[in-house]
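A structural walkthrough
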Amino acid sequence: MARLNPWRWVVLGLAALYFLVPLASSVIFTVDVPGQGVTFDAYTQIVSTDGFVSSLLLSLELALTTIAIVLLLMVPAMVALRLGAPRLRPVVEVICQLPLVVPPIAFVAGISTVLKWGPDHLSRTPLFQTFVAIQNPSFPFVLVMAYVVMALPFVHRALDAGLRAIDVRTLVEAARSCGASWPQALLRTVLPNLRGALLNAAFLTLALVLGEFTVAQLLGFQPFAVWIYSVGGSQAQLSVAVSVLSLLVTWALLLALAGVGGRTRTASSRG
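Every value quoted in this text rests on a predicted model; they were computed, and no experiment measured them.

Section: the environment of Val-144
Along the chain, Val-144 turns up in helix H8 (residues 141-164). Judged by relative accessible area, which is 1%, Val-144 ranks as buried. Distance from Val-144 to Glu-61, taken between C-alpha atoms, is 9.5 Å for residues 83 residues apart in sequence. In contact with Val-144, other than residues within four places in its own chain, are Leu-62, Thr-65, Thr-66, Ile-69 and Phe-139.

Right, dumping it as structure tokens:
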């Protein structure tokens with residue numbers, strides 16, 4: 001039996017305190033009302049608060065669209081890169097990591113400059129309606145394009161780790177030798193073996209979209225993170241309660257993802 005390292009438990013305990021103490025303080029702040037004692041009104045009022053459902057649904061729609069687009073772009077590109085141009089992998093990796101280098105404030109300043117081209121230079125061209133459509137407040141597609149760029153580093157890392165764990169060339173060649181086309185080889189042989197990597201990429205993108213504030217705020221839209229900020233100015237307890245609830249939901253999704261990934265690895269090992 002391996003001896004337990006006491007320093008490991010010390011580090012885990014300090015990490016638990018680092019995360020749990022602020023969370024516990026936030027929960028106490030939301031339920032302890034001076035003069036009233038313990039009450040859960042801040043949590044019961046969340047659903048009925050104006051803007052909660054619409055902002056949450058908007059963020060979820062943006063997240064699902066971003067996940068679909070970034071995976072449709074990155075999965076074929078990463079597979080093609082591994083099969084046909086392995087020497088370009090460092091170049092693609094550097095390009096995908098650039099969003100981590102560019103500050104969000106500079107990124108959104110560039111987006112705002114491009115959006116100003118519509119009324120300034122394209123008002124008499126058909127492209128002007130495109131600029132108007134992507135800024136529709138009911139579904140601002142410009143945010144999706146921004147989130148796709150911001151999600152590239154996380155999606156690239158997740159997919160690259162998944163592709164390193166399998167022999168893509170052998171899988172594709174075996175499928176092609178059985179008469180499968182390139183799309184069929186990708187869908188039926190590669191993607192099932194990338195289930196864990198796809199789940200990781202999807203979860204990281206979902207967490208990014210739900211928590212992103214700077215780009216949406218400066219562009220004038222109100223998804224979930226911006227709504228929490230706007231509510232916090234007048235209803236501090238409600239704002240903190242929503243933040244705590246969103247954090248717990250994110251943790252639940254992470255645990256569910258870990259469970260699905262664990263079952264996938266177990267099934268693969270048995271097969």
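Concerning a nonpolar patch on the surface
On the surface, Leu-88, Val-91, Val-94, Ile-95, Leu-98, Leu-100, Val-101, Val-102, Phe-154 and Leu-204 cluster together into a nonpolar patch covering about 880 Å² of accessible area. Residue position: Val-101 is located in helix H4 (residues 89-101). In this structure Val-101 comes out as exposed when scored by relative accessible area, which is 64%.

Concerning the packing of helix H3 (residues 52-84) against helix H10 (residues 182-190)
Running from N to C, H3 and H10 cross one another at 100°; their axes reach a closest spacing of 12 Å. Our classification of the angle between H3 and H10 gives roughly perpendicular. Residues Val-75, Pro-76, Val-79 and Leu-83 of H3 form the contact with H10, whose participating residues are Trp-182, Leu-186 and Val-190. Of the residues in the contact of H3 with H10, the class split is seven nonpolar, no polar and no charged.

Looking at the packing of H3 against helix H9 (residues 168-177)
Remark: H3 packs on H9, axes separated minimally by 10 Å, with the N-to-C direction vectors making an angle of 95°. The angle between H3 and H9 places the two elements in the roughly perpendicular class. Where H3 approaches H9, its residues Val-79, Arg-82 and Leu-83 are matched on the opposing element by Val-168, Arg-169 and Val-172.

Definitions and cut-offs
- All residue numbers refer to positions counted from 1 along the written sequence of the respective chain.
- pLDDT decides what is reported in this predicted model: residues at 70 or higher carry local features, side-chain atom pairs at 80 or more are listed and counted, and totals for whole chains, interfaces and linings draw on all residues regardless.
- Side-chain figures throughout are based on the complete set of non-hydrogen atoms in the structure, without hydrogens or water.
- Secondary structure elements are taken from DSSP: a helix is a run of H or I of four residues or more, a strand is a run of E of two residues or more, and numbering for both begins at the N terminus.
- Note on classification: 1.4 Å probe, protein chains only; a residue is buried when its accessible area is under 20% of the maximum for its type, exposed when over 50%, partly exposed between these limits.
- We call two residues in contact when some of their heavy atoms are within 4.5 Å.
- Candidate patch residues must exceed 30% relative accessible area and have no salt bridge, after which like charges are joined if within 9 Å and Val, Leu, Ile, Met, Phe, Trp or Tyr side chains if within 5 Å.
- Surface exposure here means Shrake-Rupley accessible area, sampled with a 1.4 Å probe, where a residue is shielded only by the protein chains that are shown.
- We define a salt bridge as a contact between a side-chain nitrogen of Lys or Arg and a carboxyl oxygen of Asp or Glu at a distance within 4 Å.
- For helices, the fitted axis covers only the stretch in contact; all axes are lines through C-alpha atoms, and the angles between them, taken along N-to-C directions, range from 0 to 180 degrees.
- When describing relative orientation, an angle under 35 degrees is termed roughly parallel and one over 145 degrees roughly antiparallel, while 65 to 115 degrees is termed roughly perpendicular and anything else oblique.
- Three categories are distinguished: nonpolar for Ala, Val, Leu, Ile, Met, Phe, Trp, Tyr, Cys and Pro, charged for Asp, Glu, Lys and Arg, and polar for the others, with Gly belonging to the last.

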